[in-house]
Amino acid sequence: MLESKLPVSEPTSEISVTWQEYHQKIETLAYKIYQSGWEFNQILCLARGGLRVGDTLSRLYKLPLAILSVSSYGGTGDRTRGAITFSPTISMTTQKLGSRVLLVDDLVDSGTTLAQTLQWLKQHDVYEIEAIETAVIWYKACSAIAPDFYVDYLPDSPWIHQPFEIYEHMDLSEMADDG
């Protein structure tokens, strides 16, 4: 596993996103990619944050989805950046990864995860990638790397409360009592 320390900085503001806004942003991202004319034959998402984005794009473009599990946040509320850890392989249902890859995640914060993922992919030449472009919903100003495609540029680099975060605070035993 490849690991690296990330710089830690606190966001100066916060925004909250509803499910409807979240899905609309993914659709906007899909359309921006479509408008660019860039042709790709594989979608590779970074799990966890990029799973929903990758799944939706895979369905819209009718292309296979591959998943690379990457972890860089932890601590209380998963708000502490730490070491980046990569899974040893990419999970996919095809025999091999496509040669023209759209790498997707939900956001680019410091840019370290995206940059190190690109490096990880280059180190694993078994995947035979000829071209790769990156796509995210949110591109924060504090990022050291700019994605090729994004929906929102956030100059004040806020913390983003995404709609699925509610599940991080649910207690399954309490859910059973309610039903």
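What counts as what
- Residues numbered from 1 in each chain as written.
- Predicted model: local features only at pLDDT ≥ 70, side-chain atom pairs only at ≥ 80, totals over all residues.
- Heavy atoms only, no water.
- Helix = DSSP H or I, 4+ residues; strand = E, 2+ residues; numbered from the N terminus.
- Buried < 20%, exposed > 50% of the residue type's maximum accessible area, 1.4 Å probe, protein only.
- Contact = heavy atoms within 4.5 Å.
- Expected span 1.5 Å × (residues − 1).
- Salt bridge = Lys/Arg side-chain N within 4 Å of Asp/Glu carboxyl O.

## Details of the side chain of Thr134
Next, step 1: With respect to the secondary-structure elements, Thr134 resides in strand E7 (residues 131-140).
Next, step 2: By relative accessible area, which is 4% here, Thr134 ends up buried.
Next, step 3: Other than its neighbours up to four places away in sequence, Thr134 contacts Leu102, Leu103, Leu114, Leu118, Ala146, Pro147, Asp148 and Phe149.

## Topic: helix H3 (residues 112-123)
Next, step 1: For H3, built from twelve residues, the straight-helix expectation of 16 Å at 1.5 Å per residue is met to within 8% by its first-to-last C-alpha distance of 16 Å.
Next, step 2: All buried positions along H3 are accounted for by Thr112, Thr113, Leu114, Gln116, Thr117, Leu118, Trp120 and Leu121.

## Considerations on the pattern of salt bridges
Close approach of charged atoms allows side chains of opposite charge to pair.
Next, step 1: Counted under the stated rule, the structure contains four salt bridges.
Next, step 2: Across the pair Asp55 and Arg59 runs a salt bridge, and its minimum N-O distance is 3.1 Å. Here Asp55 and its partner Arg59 are both found in helix H2 (residues 51-61), four residues apart, which amounts to about one turn of the helix.
Next, step 3: The exposed category is assigned to Arg59, whose relative accessible area is 59%.

Structural measurements only, silent on function.
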